[in-house]
Amino acid sequence: MLAAYNRQLSRRPILVQSLSTSLLFAAGDIIAQQAVERRSQHDFSRTGRLGLFGGLVAGPALANWYRYLDRVIQMEPVKALFTRVALDQILFAPCFIGTFFTVQGAMEGQSLPQITQRLREGYPDALKNNYKLWPMVQIVNFYLVPLNHRLMVVNTIALGWNTYLSLLNQR
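Along each chain, residues carry numbers from 1 onward, in the same order as the chain's sequence is written. The predicted nature of this model means local features are confined to residues of pLDDT at least 70 and side-chain atom pairs, given and counted, to a pLDDT of 80 or more, with totals for whole chains, interfaces and linings taken over all residues. Note that water and hydrogens are dropped before the side-chain values are worked out from all heavy atoms of the structure.

What follows is about the pattern of salt bridges. Salt bridge criterion: a side-chain nitrogen from Lys or Arg within 4 Å of a carboxyl oxygen from Asp or Glu. Under the criterion given, the structure shown has eight salt bridges. Asp70 serves as the salt-bridge partner of Arg150, at 3.2 Å between the closest nitrogen and oxygen. Here Arg150 is found in helix H6 (residues 147-170), whereas its partner Asp70 is found in helix H3 (residues 44-72), with 80 residues between them in sequence. Salt bridges sharing common partners tie together Asp29, Glu37, Arg39 and Arg46. A run of DSSP states H or I qualifies as a helix once it reaches four residues; a run of E qualifies as a strand once it reaches two. Both are numbered from the N-terminal end.

Here is the structure:
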């Protein structure tokens, strides 16, 4: 199975990474609803919104971002590692978190003032908690993991992160 995944990943990296991201965003919401919130009625539209975000926004954005960092940051390995992590956390993470709340609000049919309120309530905590988790994950990821597999590493860790974002988004 891993060999088949790797074959498809080498043939269609953005598509495979986007589909994987979609599935893991949806799985994070399922965990949030069933294991954490213990909802008696599952909100399938909420899971669908998270899956769509993963497949149409997060997957392509992250896959292309990692390729961009790998292509543009060419220097001594330790400097390259910390430059990539710094750019990821200073530029990409704040924009990505804001995009998450904005897109989720738009998909829910919220007005601009409602989306702005959601950003005020959720964004600071999400960004603060991002900085507790992702810099160390990305140091290991950028140092040890080949480019084509970096998003899968992030997606695996993000299963818990996506559960958190789903809960924070519903707060």
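From this point, the discussion proceeds with the structure in view.
A separate point is the nonpolar core. Core analysis: the biggest nonpolar cluster contains 29 residues, and Phe25, Tyr66 and Phe100 have the highest contact counts within it. Looking at this core, the elements that each hand over two or more residues are H3, helix H4 (77-107), helix H5 (112-144) and H6. Beyond its immediate stretch of four places on either side in the chain, Phe25 contacts Leu50, Gly51, Phe53, Gly54, Ala58, Phe96, Phe100 and Asn162. We call a set of buried residues a nonpolar core when its members are Ala, Val, Leu, Ile, Met, Phe, Trp, Tyr or Cys and they connect through side-chain atoms within 4.5 Å of each other. Only protein chains enter the accessibility calculation, which uses a 1.4 Å probe; a residue whose area is less than 20% of its type maximum is buried, one above 50% is exposed, and one in between is partly exposed. Contacts: residue pairs with any heavy atoms within 4.5 Å of one another.

Glycine aside, residues mostly have negative phi angles, and peptide bonds mostly take the trans form. At Arg38, a residue that is not glycine, the phi angle is positive and equals roughly 55°. Position of Arg38 among the secondary structure elements: in the loop between helix H2 (13-36) and H3. Residue classification places Arg38 among the exposed residues on the basis of a relative accessible area of 66%.

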